[in-house]
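# Topology and contacts: notes
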Amino acid sequence: MIRLRGLDHLVLRARDAERLVRFYCEVLGCIEERRVADLGLVQLRAGSALIDIVPVEIELGRRGGAPPRDVGRNMDHFCLLVDPFDEQALRETLVRHGIEAGETAVRYGATGFGPSIYLTDPEGNTVELKGFTPASPQSPRSSGTS
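Let me begin by describing the structure that accompanies this report. (Residues numbered from 1 in each chain as written. Predicted model: local features only at pLDDT ≥ 70, side-chain atom pairs only at ≥ 80, totals over all residues. Heavy atoms only, no water.)

## A look at the overall build of the chain
Summing up its helical and strand segments, the chain has three helices and nine strands in all. The buried share of the chain, taken over its 146 residues, is 37%. A sequence separation of at least 24 residues applies to 50% of the contacts in the chain between residues at least 6 apart. Looking at the chain as shown, the accessible area adds up to about 9,100 Å², and 51% of this sits on carbon and sulfur atoms. (Helix = DSSP H or I, 4+ residues; strand = E, 2+ residues; numbered from the N terminus. Buried < 20%, exposed > 50% of the residue type's maximum accessible area, 1.4 Å probe, protein only. Contact = heavy atoms within 4.5 Å. Areas by Shrake-Rupley, 256 points an atom, 1.4 Å probe, with all protein chains shown as cover.)

## A closer look at the environment of Asp-86
Relative to the assigned elements, Asp-86 resides in the loop between strand E5 (77–81) and helix H3 (87–96). For Asp-86, a relative accessible area of 40% corresponds to the partly exposed category. Sequence separation between Asp-86 and Pro-115 is 29 residues, and the spatial gap between their C-alpha atoms is 9.6 Å.

## Points about the environment of Gly-109
Locating Gly-109 in the fold gives a position in strand E6 (residues 105–109). Accessibility expressed as a relative area gives 17% for Gly-109, which makes it buried.

## Considerations on the nonpolar core
Ranked by size, the top nonpolar core spans 25 residues in total, and within it Leu-12, Tyr-24, Leu-44, Ile-51, Ile-53, Phe-78 and Leu-129 carry the most contacts. Per-element tally for this core: the top contributor is helix H1 (residues 17–27), with six residues. Residues contacting Ile-51, with those up to four places away along its chain left out, are Leu-10, Leu-12, Tyr-24, Cys-30, Val-42, Gln-43, Leu-44, Ala-46, Phe-78 and Leu-80. (Core = buried A, V, L, I, M, F, W, Y, C linked by side-chain atoms within 4.5 Å.)

## What about the layout of surface pockets?
Approximately 820 Å³ is the volume attributed to the largest pocket. Around the largest pocket sit 32 residues that line it, and Ala-46, Cys-79, Leu-80, Leu-81 and Val-82 are the ones nearest its centre. Those elements that place two or more of their residues in the lining of the largest pocket are strand E3 (41–46), strand E4 (49–55), E5, H3 and strand E8 (126–130). Split into classes, the residues belonging to the lining of the largest pocket amount to 20 nonpolar, seven polar and five charged. Reported here for the second largest pocket is a volume of approximately 160 Å³. (1 Å grid on protein atoms, 1.4 Å probe; cavity = no way out; pocket = protein on both sides within 12 Å on 5 of 7 lines; lining within 4 Å. Points joined across faces, edges and corners; volume = space filled by probe spheres on them. Nonpolar A, V, L, I, M, F, W, Y, C, P; charged D, E, K, R; others polar.)

## A look at the side chain of Asp-121
Tracing the backbone shows Asp-121 in the loop between strand E7 (112–120) and E8. As a buried residue without a salt bridge, Asp-121 has its nearest oppositely charged side chain in Arg-15, at a separation of 7.0 Å. Of the polar contacts made by the side chain of Asp-121, one reaches the backbone nitrogen of Glu-123; its length is 2.8 Å. Apart from residues no more than four positions distant in its own chain, Asp-121 is found in contact with Leu-12, Leu-20, Phe-23, Tyr-24 and Val-127. (Lys, Arg positive; Asp, Glu negative; His and termini not counted. Salt bridge = Lys/Arg side-chain N within 4 Å of Asp/Glu carboxyl O. Polar contact = N/O pair within 3.5 Å; in protein donor to acceptor, adjacent residues only side chain to side chain.)

So this is what it looks like as structure tokens:
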């Protein structure tokens, strides 16, 4: 039996890798963990998981086909757990960086129901920032899905 323990990493293909690294580090608080120059790979620490950034113009990035754009993306969205989920502080940080976020709604994810917002990174990827409410179970019928 396979036992999954959580998200290990995800790989984002980027037209402008350095811009995407700055976004995830400066706006969302990731920490650059390492660079693998021969692959063009930058790995960012996001809590217990990694976000890998790969330029589309190098061999590893070309394997995924055309660069990400408004149509034909290689994923719908991914979700980062935020603890604590301080909506006002999150929105202030995003506004300071010129980023608009969608409405806050209660959605379900790996940690149960909690508040979340969606935003778009500089490469057009949809990112969900989600908190959780451990002491307040929610009814699945009253909330959207992640």
